[in-house]
Amino acid sequence: MPDASVRVYCAGPLFNKKEKEEMQELACALEDQGFEVFLPQRDGLELTRCVDTLVKAGTSREVAGKLLSRAIFALDVYQVIERCDAIVANLNGRVPDEGAVSEAAMAWCCGKTLIGYKSDMRSVFLGQDNPLVTGLFNFTLVSEIEDIPVRLREMLPNPTLVDRKAEARKEEMREHLELGGKIWKAMEAKESIDNVAKLLLSEKNRVGNLGT
């Protein structure tokens, strides 16, 4: 059984009841085998609640929306790149969830362990899935949820998983990691939504080109 410090990010669609239920099933399968899981629908702060606080602080709703987008992206980058050791991506659907594909691509660039799960028979190219997606998972997908922890346990010790961070993105990534880390620490400390909004106001002042 893996050490509980091995953190897994569960990426995938979560926009209706069935999707959320399947994502919860994925998380439970991993947690039952001793992995620590970050499941966005369960563990992420509903950052949209910041908008009203930002507006009350004098920020226009348009700029508040821009700050919210930065916060969502930064928190995601932090969880995928900095905090979690592996990514399990649910690729079910007519097309894979675009957010999950983005998260998988980030993780791939950083040499993270990646598991692609797909039980959906629909495909793009003559029975084959999009190679630009499956290539992120070494062109091998898992079709049964109960097999995911087994596959993950096999892959984690792989010595060939080296750091592939792109130098050209290093500074941009550092900024997102810093903001995402601050947001996550505030969430872990169960700070009020007002304190998270203050972080975003600081980000507005630092960037300086979002508007008023």
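Quantities reported herein were computed from a predicted structural model and do not represent experimental measurements. (Residues numbered from 1 in each chain as written. Predicted model: local features only at pLDDT ≥ 70, side-chain atom pairs only at ≥ 80, totals over all residues. Heavy atoms only, no water.)

### Topic: the nonpolar core
Logical step 1: Leu-47, Ile-81, Phe-137 and Ile-183 are the most contacted members of the largest nonpolar core, which totals 42 residues.
Logical step 2: Contributions of two or more residues to this core are made by β1 (7-11), α3 (50-56), α4 (61-83), β3 (86-90), α5 (98-109), α8 (170-188) and α9 (193-207).
Logical step 3: The biggest single contributor to this core is α4, with eleven residues.
Logical step 4: Contacts of Ile-81, omitting those with residues within four sequence positions, involve Met-106, Cys-110, Lys-112, Met-173 and Leu-177.
Logical step 5: Counting residues in each nonpolar core, the second largest holds 20 residues, with Val-8, Met-23, Ala-27 and Leu-39 among its members. (Core = buried A, V, L, I, M, F, W, Y, C linked by side-chain atoms within 4.5 Å. Buried < 20%, exposed > 50% of the residue type's maximum accessible area, 1.4 Å probe, protein only. Helix = DSSP H or I, 4+ residues; strand = E, 2+ residues; numbered from the N terminus. Contact = heavy atoms within 4.5 Å.)

### Focus on the pairing of β1
Logical step 1: Taken across its five residues, β1 has four buried, putting it largely inside the fold.
Logical step 2: Pairing geometry for β1 and strand β2 (residues 36-38), over three bridges, is parallel. The partner of Arg-7 across the bridge, within β2, is Glu-36.
Logical step 3: Between the parallel elements β1 and β2, the chain passes through helix α1 (residues 17-31) in a crossover that is right-handed. (Pairing = 2+ DSSP bridges. Right-handed = clockwise from strand over helix to strand, strands pointing away.)

### Looking at the packing of aromatic side chains
Logical step 1: Counted under the stated rule, the structure contains two aromatic pairs.
Logical step 2: Geometrically, the ring pair formed by Phe-38 and Trp-184 is edge-to-face, given 5.6 Å between the ring centres and 75 degrees between the ring planes. Residue Phe-38 is located in strand β2, and its partner Trp-184 is located in helix α8; the two are separated by 146 residues in the primary sequence. Each member of the pair, Phe-38 together with Trp-184, is buried.
Logical step 3: What links up through ring pairs into an aromatic cluster is the set Tyr-9, Phe-38 and Trp-184. (Phe/Tyr/Trp six-rings, centres within 6.5 Å; stacked < 30°, edge-to-face > 60°.)

### Considerations on the pattern of salt bridges
Logical step 1: Following the criterion strictly, the structure yields twelve salt bridges and no others.
Logical step 2: In this structure, Lys-66 and Glu-62 form a salt bridge, with 3.8 Å as the shortest nitrogen-oxygen distance. Of this pair, Lys-66 and Glu-62 are both found in helix α4, four residues apart, which corresponds to roughly one turn of the helix.
Logical step 3: Taking the relative accessible area as the measure of exposure, Glu-62 reaches 57% and is therefore exposed.
Logical step 4: Across the salt bridge formed by Arg-70 and Glu-203, the nearest N and O atoms sit 2.6 Å from each other. Pair noted here: Arg-70 is in helix α4 and Glu-203 is in helix α9, with a separation of 133 residues, a long-range link. (Salt bridge = Lys/Arg side-chain N within 4 Å of Asp/Glu carboxyl O.)

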